[in-house]
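Results of the structural survey
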Amino acid sequence: MIDTHMHGDSRSSEDFGEMYLSGIDAAITCAFYPYKLNNESTLLNHLERILNYDTKRAKEYGLDLKVALGIHPANTSVNPELIYENLYKWIENKQIVAIGEIGLEDLTDSEISIFKKQLDIGEETKSKVIVHTPRKNKKEVLKVIQDIVPQHIDPKLVVIDHINQNVVEDVIDKDYTLGLTVQPQKMDKEEAIAILDEYGFDKFLLNSDISNKPSDPLSVPKTVRELEKLGYKKTEIEKVAFKNAEKFFKI
């Protein structure tokens, strides 16, 4: 199994071990600094810690931790130029599997400007991009995201993440890959399964988005096991368990 969106820097090593023992072979850890940033050097240090420290920490417990780096909308208060410069370096050196997570939260001018620039970098380098959608005002913000994205990058390179039943109809017919986040206070496994049952398994990825907020490191295997218990076809389950992620991220 592959957990396609998490924040390993905020989790214990024991979580990595539990994930591996539960059947998760690989996961993608994304950028998100949960505190107010004073300067871009602090953000760069956070990103380099994910790349160079948390990957090694996870490996000691058997988990192959892939990395997505970028400027999260919560971290758009700093000068972004240093991060852009390093994004090009990480992409060129094949150190990251995607730019992410990026996106919009409050629709501020700085969020939108930084979001557009990172999409441009994704298009220029043909990199995959993981796009955050917020808990609040999701439908409104997703509309703005969908207005912006096609102007800056091929939608086939983009994951729109944290999709739920309230917004899935808005994106299901587009060329995006869609992330289903099974996490306390976001979506339970029954809602994720209801979406898969209605719309099929081809366009979706599963993730836990474990972070400093209430989280379940085992939400992906719990969802997969529930699908098995309910009698869904093995070939369909494998798509959201790992095959869609392998194909999209080329991992």
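For every chain, the first residue of its written sequence is number 1, and the numbers climb from 1 along that sequence. It should be noted that, the model being predicted, local features are given only for residues of pLDDT at least 70 and side-chain atom pairs only at 80 or more, the latter also being counted only at that level, while totals for whole chains, interfaces and linings use all residues. Side-chain measures were taken over the full set of non-hydrogen atoms in the model, leaving aside hydrogen atoms and water.

1. Considerations on the environment of Glu92
- A run of H or I in DSSP counts as a helix once it spans at least four residues, and a run of E counts as a strand once it spans at least two, with each numbered from the N terminus. Secondary-structure assignment places Glu92 in helix α3 (residues 81-92).
- Here the term buried applies to any residue with accessible area under 20% of the maximum for its type, exposed to any over 50%, and partly exposed to those in between, with areas from a 1.4 Å probe on protein chains only. Classification of Glu92 by relative accessible area gives exposed; the value is 66%.
- Spatially, the C-alpha atoms of Glu92 and Pro184 are 36 Å apart, while their sequence positions differ by 92 residues.

2. Looking at the packing of aromatic side chains
- Stacked, tilted and edge-to-face are the three classes assigned to paired rings of Phe, Tyr and Trp, where Trp is represented by its six-membered ring and a pair needs centres within 6.5 Å; plane angles under 30 degrees give stacked, over 60 edge-to-face, the rest tilted. Under the defined criterion, the tally for this structure stands at three aromatic pairs.
- Between Tyr33 and Tyr35, the ring centres sit 5.9 Å apart and the planes meet at 85 degrees, which makes this aromatic pair edge-to-face.
- By the criterion adopted, a ring carries a charge over it if an Arg CZ or a Lys NZ lies within 6 Å of its centre and within 35 degrees of its normal. Lys117 extends its terminal NZ or CZ atom over the ring of Tyr84, reaching a point 5.9 Å from the ring centre.
- Taking NZ or CZ as reference, Lys128 lies 4.7 Å from the ring centre of Phe248, over its face.

3. A closer look at the nonpolar core
- Only buried residues count toward a nonpolar core, which is a set of Ala, Val, Leu, Ile, Met, Phe, Trp, Tyr and Cys residues joined through side-chain atoms within 4.5 Å. Leu69, Phe115, Ile160, Ile163, Leu180 and Phe204 are the most contacted members of the largest nonpolar core, which totals 68 residues.
- Per-element accounting of this core gives the leading share, six residues, to helix α2 (residues 40-59).
- Any two residues having at least one pair of non-hydrogen atoms within 4.5 Å are treated as being in contact. Among residues more than four places away in sequence, those in contact with Phe115 are Ile102, Gly103, Leu104, Val131, Ile145, Ile148 and Val149.
- The next biggest cluster of nonpolar side chains, apart from the first, holds 13 residues, and it includes Ile2, Val159, Ala245 and Phe248.

4. Here's the deal with the side chain of Lys138
- On the secondary structure map, Lys138 appears in helix α5 (residues 138-152).
- Buried and without a salt bridge, Lys138 has Asp161 as its closest oppositely charged side chain, separated by 8.1 Å.
- Non-local contacts of Lys138, meaning those with residues more than four positions away in its chain, are made with Thr133, His162, Asn164 and Val167. Charge counting treats Lys and Arg as positive and Asp and Glu as negative, with His and both chain ends excluded. A side-chain nitrogen of Lys or Arg and a carboxyl oxygen of Asp or Glu constitute a salt bridge if their distance falls within 4 Å.

5. Some words on the pairing of strand β2 (residues 26-29)
- Side-chain alternation along β2 places Ala26 and Ile28 on one buried face and Ala27 and Thr29 on a second face that is also buried.
- Strands are treated as partners if at least two bridges between them are detected by DSSP. Pairing geometry for strand β1 (residues 2-6) and β2, over three bridges, is parallel. In the strand pairing of β2, Asp3 is matched with Ala27.
- Taking the sense of rotation as the criterion, the β-α-β connection linking β1, helix α1 (residues 13-21) and β2 turns out right-handed.
- With four bridges connecting them, β2 and strand β3 (residues 64-69) associate as parallel partners. By the bridge assignment for β3, Ala27 is matched with Leu65. Think of it like this: strands point away, you trace from the first strand over the helix to the second, and a clockwise trace means the crossover is right-handed.

6. Description of helix α8 (residues 219-229)
- Along α8, the residues classified as buried are Ser219, Val220, Pro221, Thr223, Val224, Glu226 and Leu227.
- Residues of α8 that are buried sit in contact with β1, α7 (189-199), β8 (204-207) and α9 (234-249).
- Just past α8, the residue Gly231 takes up positive phi, approximately 90 degrees.

7. Topic: the sheet that holds β3
- Spatial ordering of the open sheet is given by β1-β2-β3-β4-β5-β6-β7-β8, a layout of eight strands whose pairing is parallel. Across the chains shown, the open sheet's two edge strands, defined by having one partner strand only, are β1 and β8. The mean inter-strand angle of the sheet, taken between neighbouring strand axes irrespective of direction, is 30 degrees.
- Interaxial angle, 0 to 180 degrees, is taken between N-to-C directions of lines fitted to C-alpha atoms, where a helix line uses only the stretch in contact. Here helix α4 (residues 109-125) sits on the sheet and contacts β4 (98-103) and β5 (129-132); the angle it forms with β4, its principal contact strand, is near 160 degrees.

Take it as geometry only, folks, not as evidence of what the structure does.
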